[in-house]
Amino acid sequence: MVFGISYHGWFRRSRRSACTLLLVIASFLTREAFAEDAKPGQTVIVRAGQLFDPLAGRMLDQPVIVIVGNKITAVSNGNTPSILGATLIDLGDATLLPGFIDVHTHLTSDAGGGGYEGLGISAPRAALIGAKNARRTLLAGFTTVRNVGAEGYSDVALRDAINAGDVMGPRMQVSGPPLGITGGHCDSSLLPFEFHYSAEGVADGREAVMHRVREVIKYGADVIKFCASGGVFSKGDNPLLEQYSPEEMRVLVEESHRLGRKVATHAHSAISIKDAVRAGVDSIEHGIFLDDESIALMKEHNTFLVPTSYPLFWFEEHAPQMHLPPWVMEKSAIIIPAAKKNMAKAFRAGVRVALGTDAGVYPHGLNGGEFWAMVELGLTPTQALQSGTANAAELMGWSDRIGAIREGMFADMVAVKGDPLRDIQLLQDVQFVMKDGVVYKNEISGPNRATQTH
Ligand SMILES: [Zn+2]
C-alpha cells in the first residue's frame, strides 16, 4: 500500500510499473487541475451508499458505476468488479445523483444588475465574469446549464472556452442575445433617445424576427430565447402585458424549429404565456401569472414550465440591502406573492417542470436552493430532483447523454452525505462533483490520497 502520492505522479509511475495493479483507491482534489486529467480510455469505478435514478424515480442501494474516459459503461449494485488498472472512488454511504442541470442561468452577469452600472460592462468583461461563475456553478453540482440571454455573444465564447478545456465549467447550451420588441424586457430602455441604443436581439415584425433567429444561430446560439412579456429588471415595461404579437411568435418559433433550435420564452402575463404556448414554444420561463387556462394549455401542448422559484425567496430576504432601482422593487412587490401562488397551482395541476434558477439575478453557486424552493411550493423531493436532472435533459434535447446515471451517458455525477429525499436542503452543499469522468470536487474520501494493491 502506498499513501500520499499525487494523482499525476501515480499515473506516471503506473505506466512504468510492470506489476499487476488490481485497484487503486483514490480521491482527487482537482479544482485547479481539470480537463487535461481526463485520460482517454481511463477506467474509474465509483461506489456509494445509494443512487438516485430519476428515470425510475427511486433510490438504488449500493451502486457501482464503471466509467471509461468520459462515459458510463456499466451501472450495477453490490460487489465492486476487479478491473485491471481501474481507479476506485469510494464514496462510502453517500448518495450519488446525476449531475444537476439548470436550464435558466445568466452566467455572464452578476447579481445586482438591472440598473445603469450594467451599461459599463463590455462583452469581453462579461465573458470573464462568466468564467468565474461557470466554476462556481460546476462546484455547486450543476454539470450542465442552459444560458438564456447574453449580449455580445459572451456566452458563446464561454461555452467554447469550456469545451476547449481553457476554462472550468458546466457543459452549456447558449442563446446569445435574447429576441424582443423595441422597448421590451429584452431591449434596454435605460438611455434616452439621443444615444440611439437598442439591445442586439431586438427585432420587430415577421421579417426582422426571422432574420434575427438566423443571425443568432449564425453566431453560435444552440437555443433561442425571447421575451413574450415585460419583466422585473427592465425599466419602463409591464410584466402584465404581452410583447410580440401572436403572429410574430409563430414566425419566431417556426423558424427556430426549422433550424433545429428549441425556444425558451420569458413570459409573465397569462396572455403572453397562452400565445407563446399556442405558437409552439418548448418552455415557459417564470410563468408568474399562470391562470387555469394557461395551465391547461401547457398540459395539452406538453410545454415545460421553468419556474425560477428560488429568487422569489432570496429576494424577499436580500432585496432591501441590494440598492436595486425603484422599478425593480415596485414590480417585485407584485410579482413575488403572485408567483408563489401560481407556481404552487401549476405544480398541483401536474405541469411538466424543468429546473431553472435565474442565477445571475442572485449570486451564482446558490443554484441548489431551487430544489428546496420547488419543494416549498409543492413538488415532492423526487419530482424536484427529476426536474433538475431527467426533465431538464429532455427539455434540452439531451436525454440520450445527460440527466441520469445510466450506461452510455456522460459521466456527470454529484454526491451528498445523507438522504436528499428526506432533507432537500442537502442539495445546496454537494461534496462530490464529477463532469465528463473528471473529478472537480471530493470532500468525501479526503484530499490527495491514493492507495494501490499489487
Ligand atoms: Zn432570466
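Everything below is about the structure printed above this text.
Before going further, it helps to examine the environment of Trp327. Tracing the sequence through the fold places Trp327 in helix α9 (residues 326-349). On the neighbour-count criterion, Trp327 (16 C-beta atoms within 10 Å) is partly exposed.

Let us look at the pairing of strand β3 (residues 50-53). Burial along β3 is two-sided: Gln50 and Phe52 and Leu51 and Asp53, pointing in opposite directions, are all buried. Joining the antiparallel neighbours β3 and strand β4 (residues 58-61) is a turn of four residues, in which Gly57 adopts a positive phi near 70 degrees. Strand direction decides the pairing type here: β3 and strand β8 (residues 95-98), joined by two bridges, are parallel. Looking across to β8, one finds that Leu51 is bridged to Leu96.

Most of helix α3 (residues 154-163) is tucked away, with seven of its ten residues classed as buried. Among the residues of α3, those classed as buried are Ser154, Asp155, Val156, Ala157, Leu158, Arg159 and Ile162. Buried-residue contacts for α3 involve α2 (123-139), β10 (142-147) and β11 (171-174). At the C-terminal side of α3, Gly165 shows a positive phi close to 85 degrees.

With that settled, consider the pairing of strand β2 (residues 43-47). Examined bridge by bridge, β2 and strand β5 (residues 63-68) share five bridges and lie antiparallel to one another. In the strand pairing of β5, Arg47 is matched with Val64. Note that β2 and strand β7 (residues 86-90) share four bridges and pair parallel. Looking at the pairing, Val46 lines up with Ile89 of β7.

The rules behind the values
- Counting restarts for each chain: residues are numbered from 1 in the order of the written sequence.
- Local features in this predicted model are restricted to residues whose pLDDT is 70 or higher, and side-chain atom pairs enter the listing and the counts only when it is 80 or higher, whereas totals over whole chains, interfaces and linings include all residues.
- Numbering of helices and strands runs from the N terminus, with a helix taken as a DSSP run of H or I at least four residues long and a strand as a DSSP run of E at least two residues long.
- Buried residues are those with 20 or more other C-beta atoms within 10 Å of their own C-beta, exposed residues have 12 or fewer, and partly exposed residues lie in between; C-beta atoms are placed from the backbone.
- Here, strands pair whenever DSSP counts at least two bridges between them.
- Two residues qualify as a contact pair if the distance between their C-beta atoms, derived from the backbone, is within 7 Å.

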